[in-house]
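# Per-entry structural report
Listed below, chain by chain, are the residues.
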Amino acid sequence: MSEKPIKRVKADWSEVVLVCRKCSKKLDGGFGEDGDQKLAKALRQAIGAKGKGRKACAAVIEVDCLDVCPKGAVVAVRASAPKDWAVVPRGASMKSVTRSLGLSEV
């Protein structure tokens, strides 16, 4: 039986941020202008990640538990800086979050 070839898929992403889904679920919001958004959604808007899926210019992806589990905060990590994680407290301004993660509007 011959092995299937590995396919390649193109994405327009210039940056990838991983956000802990479990932390986000525990907080049930707490971010954005009105404080009612999950960190991932507020971060997408803050960095201007226009487009959807692979066609977006950047990706903010919720992942399973990152095993830090802070109280009243969400863990996020920029994929291009895997040694530098951010513990983002509820209500943090998106400006401080993007600065802490080393992100700019893309």
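Conventions used here
- Throughout, residues of each chain are indexed from 1 in the direction in which the sequence is written.
- Residues qualify for local features only when their pLDDT is at least 70, as the model is predicted, and side-chain atom pairs are given and counted only at 80 or more; totals for whole chains, interfaces and linings, by contrast, use all residues.
- Where side-chain values are given, they derive from all heavy atoms of the structure, hydrogens and water being excluded.
- Relative accessibility decides the category of a residue: with a 1.4 Å probe and only protein chains considered, values under 20% of the type maximum give buried, values over 50% give exposed, and everything between is partly exposed.
- Put simply, DSSP marks the helices as runs of H or I at least four residues long and the strands as runs of E at least two long, and each gets a number from the N terminus on.
- Arc, as used here, means the arc of the directions from the helix axis to the C-beta atoms.
- Working rule for contacts: check all heavy atoms of both residues, and any pair within 4.5 Å makes them a contact.
- For our purposes a nonpolar core is just a set of buried Ala, Val, Leu, Ile, Met, Phe, Trp, Tyr and Cys residues, chained together by side-chain atoms within 4.5 Å.

### Regarding helix 3 (residues 94–101)
Side chains that are three or four residues apart share a direction in an α-helix, a result of its 3.6 residues per turn. Within the span of helix 3, buried status applies to Met94, Val97, Thr98 and Leu101. Angularly, the buried residues of helix 3 cover 95° about the axis, an arc narrow enough to put them on a single face. Along helix 3, exposed side chains directed more than 90 degrees from the buried face belong to Lys95 and Arg99. Those residues of helix 3 that are buried lie in contact with strand 1 (16–20), helix 2 (39–46), strand 3 (73–78) and strand 4 (85–89). Immediately downstream of helix 3, the backbone of Gly102 shows phi near 75°, a positive value.

### Quick word on the nonpolar core
The biggest cluster of nonpolar side chains holds 25 residues, and the ones touching the most others in it are Val17, Phe31, Leu39, Leu43, Val97 and Leu101. Within the residue set of this core, elements represented by two or more residues are strand 1, helix 1 (21–27), helix 2, strand 3, strand 4 and helix 3. Top contributing element to this core by residue count: helix 2, with four residues. Ignoring any residue separated from it by four or fewer positions in sequence, one finds Phe31 in contact with Asp36, Gln37, Lys38, Leu39, Ala42, Val74, Val88, Pro89, Arg90, Gly91, Ala92 and Met94.

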